[in-house]
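Fold and geometry: a report
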Amino acid sequence: MDLFDNTAGNVGKMQYHLRVKPGHVADYVLLPGDPGRTRLIAEHLDDPTEVAHHREYRTVTGQYHGIGVSGTSTGIGCPSAAIAVEELANVGVSHFIRVGSSAAFVPGIRKGDILINVASMREDGTTAALVDDGFPAVADHYLTAALIEAAQELSAERGFGFHVGINASADAFYAETEDRVKNRIRQRILNIEMESAAIFTIAHLRGLKAASVCAVSYNYTAPEDINYEGVNQALFQGWHNAIDVALEGIRKYEAKRIT
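1. Focus: the environment of F96
- By the secondary structure assignment, F96 is in strand 5 (residues 95-104).
- A residue is classified by how much of its surface remains accessible, and F96, at 0% relative accessible area, is buried.
- Setting aside residues up to four positions removed in sequence, F96 forms contacts with V29, L31, V85, L88, A89, L143, I199, A203, L208, K209, A210 and A211.

2. Considering the nonpolar core
- Counting residues in hydrophobic clusters, the biggest one holds 31 residues, and the most contacted among them are L30, V69, I97, V99, V213 and V245.
- When contributions to this core are tallied by element, the ones reaching two or more residues are strand 1 (28-31), helix 1 (37-43), strand 4 (67-72), strand 5, strand 6 (114-123), helix 3 (141-158), strand 10 (209-219) and helix 6 (233-255).
- The leading source of residues in this core is helix 6, at nine residues.
- Leaving out residues up to four positions away in the same chain, V99 has contacts with L30, L31, P32, G33, R37, V213, A242, I243 and A246.
- One finds V29, A52, A82 and A197 within the second-largest nonpolar core, a separate group that totals 26 residues.

3. Considerations on the packing of aromatic side chains
- For the structure shown, the criterion picks out five aromatic pairs.
- Here a set of aromatic residues connected by ring pairs shows up, and it is made of F105, Y218 and Y220.
- Across from the ring centre of W239, 4.5 Å away, lies the NZ or CZ of R37, which sits over that ring.

Reading the values: the criteria
- Residues numbered from 1 in each chain as written.
- Predicted model: local features only at pLDDT ≥ 70, side-chain atom pairs only at ≥ 80, totals over all residues.
- Heavy atoms only, no water.
- Helix = DSSP H or I, 4+ residues; strand = E, 2+ residues; numbered from the N terminus.
- Buried < 20%, exposed > 50% of the residue type's maximum accessible area, 1.4 Å probe, protein only.
- Contact = heavy atoms within 4.5 Å.
- Core = buried A, V, L, I, M, F, W, Y, C linked by side-chain atoms within 4.5 Å.
- Phe/Tyr/Trp six-rings, centres within 6.5 Å; stacked < 30°, edge-to-face > 60°.
- Lys NZ or Arg CZ within 6 Å of the ring centre and 35° of its normal.

This is the structure:
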């Protein structure tokens, strides 16, 4: 084993932070931030079982149309999300879909709408320790295409809006200023969240697949609607829609899976 390979010695074993081992999790894992939202994921699965809960990491595993699917919470931000992806990869997970909340920058996007990101502008510190400054954090094309197809169908049935584009993935939740928001709008950044840069980058480095689908919590172009006091009904329904987009995306992807 390479002395400086921090993951090789943990492959196939009980994992230090997640407390999962091979057989606990499926090939496909949905990644919410909040441990409580793994319970929402469980509501969408057949025969769900909680297999581990340690620190911010709660893991459930079940079935969706006969396909094994797990949900593991990542906590807040890229550092804890990176640990989740590394340790899940160590026990055999091959496909990761972030399922979370995000703030939008495009006028007209509403609370509860669905956002699918094709890439992430890396504004975190975690990926800076792993790759060069100019390295792009990019979602897997085929897995993302399956999410888009699922979103198109479900939005027609349920009436929610969905949007596709590039996000910013940043560490500081309260750092957005008027100038920063204006600059993101100028760069046509669709939304901002805190985990996808690490998820996309580490999946790529490990030769695995990652994608992201989030529900809109608020829109920076409508500051009067920004509310940090709690979850509103639109966002709560958005979480359920995002989970369904992820699960239907997995079903579509699996049906024509290339690798």
